[in-house]
Amino acid sequence: MIWLERLTEKVSRQVARNTSRRSFLTGLGTLLVGGASVPLLPVARAAGGHGADAGTDRGVAAQTTGVEGDPGDPTTCEYWRHCAMDGFLCSCCGGTQKTCPPGTEMAPMTWIGTCRNPADNKDYIISYNDCCGKTSCGACLCNRNETDKPPYRAFSNNDTNWCLGTSSTLYHCTTAVILGVATKGVEP
Ligand code: ABN
């Protein structure tokens with residue numbers, strides 16, 4: 001039975017040798033492939049700068065109007081004219097606070113709000129004209145509702161698609177155009 005013991009020993013040694021080599025190769029392969037794929041994994045690359053030209057979390061560069069008496073960044077919801085803004089800011093969508101992005105059309109129908117300009121502490125009448133003809137811009141969504149009124153007072157409600165009277169009713173973004181200084185009138 002010695003031959004059987006020898007054979008068993010030989011086979012056992014071979015299995016042990018192959019198994020350990022295989023597991024070593026498996027480990028090495030996993031390490032190489034795993035290590036090579038680490039740079040391919042998705043990584044959040046947040047724009048973290050804080051300088052005047054630094055990108056914001058919204059992926060839009062900070063701006064100013066450059067106009068004395070019109071302070072603030074028109075790509076933010078905090079900009080004074082946006083006190084009653086409900087929609088995507090056209091200034092983040094290829095337009096400005098008062099112009100539509102190329103390829104869209106400004107709606108003649110609009111809703112009107114009143115915002116205080118911190119530069120002179122006066123109240124201004126702001127027309128929130130929607131820009132129409134392309135699908136929603138998707139950038140810089142704001143929902144501030146100062147002087148907003150319920151939908152039954154349609155022309156004082158901002159939660160409405162004002163793409164009316166335009167060749168397309170597709171809503172893209174909203175502007176904030178100054179119409180004039182608000183004066184205190186007498187209630188009718
Ligand atoms: N006036 C902005 C808007 C457009 C579509 C839907 C809600 C609000």
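For the structure, see preceding data.
Here the structure is a predicted model, which means the values were calculated and not measured. (Residues numbered from 1 in each chain as written. Predicted model: local features only at pLDDT ≥ 70, side-chain atom pairs only at ≥ 80, totals over all residues. Heavy atoms only, no water.)

Student: Help me get a handle on the side chain of Ser 168, residues and values and all.
Tutor: Looking at the secondary structure, you find Ser 168 in the loop between strand S6 (141-143) and strand S7 (171-174). A polar atom in the side chain of Ser 168 sits 3.0 Å from the backbone nitrogen of Leu 170. Beyond its immediate sequence surroundings of up to four residues, Ser 168 is in contact with Glu 105, Cys 132, Gly 133 and Cys 163. (Helix = DSSP H or I, 4+ residues; strand = E, 2+ residues; numbered from the N terminus. Polar contact = N/O pair within 3.5 Å; in protein donor to acceptor, adjacent residues only side chain to side chain. Contact = heavy atoms within 4.5 Å.)

Student: Tell me about the state of the cysteines, and name the residues and values.
Tutor: Evaluation of the coordinates by the stated rule reveals seven disulfides. The residue that forms a disulfide with Cys 93 is Cys 137, at a sulfur-sulfur distance of 2.1 Å. Looking along the S-S bond of the Cys 93-Cys 137 disulfide, the torsion reads about -90 degrees, which is the left-handed sense. Taken together, the residues Cys 93 in the loop between strand S1 (86-88) and strand S2 (105-106) and Cys 137 in the loop between strand S5 (130-132) and S6 connect sequence positions 44 residues apart. (Disulfide = S-S within 2.5 Å.)

Student: Please give an account of the packing of aromatic side chains that cites residues and values.
Tutor: In total, this model carries four aromatic pairs according to the counting rule given. On the basis of an interplanar angle of 25 degrees and a centroid distance of 6.3 Å, the ring pair of Phe 88 and Tyr 171 is categorised as stacked. Taken together, the residues Phe 88 in strand S1 and Tyr 171 in strand S7 connect sequence positions 83 residues apart. Across this residue pair, the class does not change: Phe 88 and Tyr 171 are buried. Taken together, the aromatic side chains of Tyr 79, Trp 80 and Tyr 124 make up a single cluster linked through ring pairs. (Phe/Tyr/Trp six-rings, centres within 6.5 Å; stacked < 30°, edge-to-face > 60°. Buried < 20%, exposed > 50% of the residue type's maximum accessible area, 1.4 Å probe, protein only.)

Student: Run through the pattern of salt bridges, naming residues and quoting values.
Tutor: According to the stated counting rule, one finds three salt bridges in the structure shown. Between Asp 70 and Arg 81 there is a salt bridge whose closest N-O contact spans 2.6 Å. Placement of the pair is Asp 70 in the loop between helix H1 (2-37) and S1 and Arg 81 in the loop between H1 and S1, with a sequence separation of 11 residues. Taking relative accessible area as the criterion, Arg 81 reaches 6% and is therefore assigned buried. Among the ionic pairs, Glu 146 bridges to Arg 144, the shortest N-O distance being 3.1 Å. (Salt bridge = Lys/Arg side-chain N within 4 Å of Asp/Glu carboxyl O.)

Student: Help me get a handle on the pairing of strand S4 (residues 122-128), residues and values and all.
Tutor: Pairing analysis gives seven bridges linking strand S3 (residues 111-117) to S4, with the strands arranged antiparallel. Bridging across to S4, Asn 117 finds its partner in Lys 122. In this structure, the hairpin formed by S3 and S4 is closed by a connection of four residues, where Asn 121 is found at a positive phi of approximately 60 degrees. Strand direction decides the pairing type here: S4 and strand S8 (residues 177-181), joined by four bridges, are antiparallel. Across the sheet, residue Ser 127 finds its bridge partner in S8, namely Val 177. (Pairing = 2+ DSSP bridges.)

Student: So what's going on with the site of the ligand? Which residues, and what values?
Tutor: The full set of residues close to the ligand is Asp 86, Asp 130, Asn 158, Asp 159, Thr 160, Asn 161, Tyr 171 and Thr 174. Here Asp 130 contributes a side-chain N or O atom positioned 2.9 Å from a nitrogen atom of the ligand. One of the backbone nitrogen or oxygen atoms of Thr 160 is found 2.7 Å away from a nitrogen atom of the ligand. Its free accessible area being 260 Å², the ligand has 80% of it covered by the protein chains. When the residues that make up the shell around the ligand are grouped by side-chain class, the tally is one nonpolar, four polar and three charged. (Near = heavy atom within 4 Å. Areas by Shrake-Rupley, 256 points an atom, 1.4 Å probe, with all protein chains shown as cover. Nonpolar A, V, L, I, M, F, W, Y, C, P; charged D, E, K, R; others polar.)

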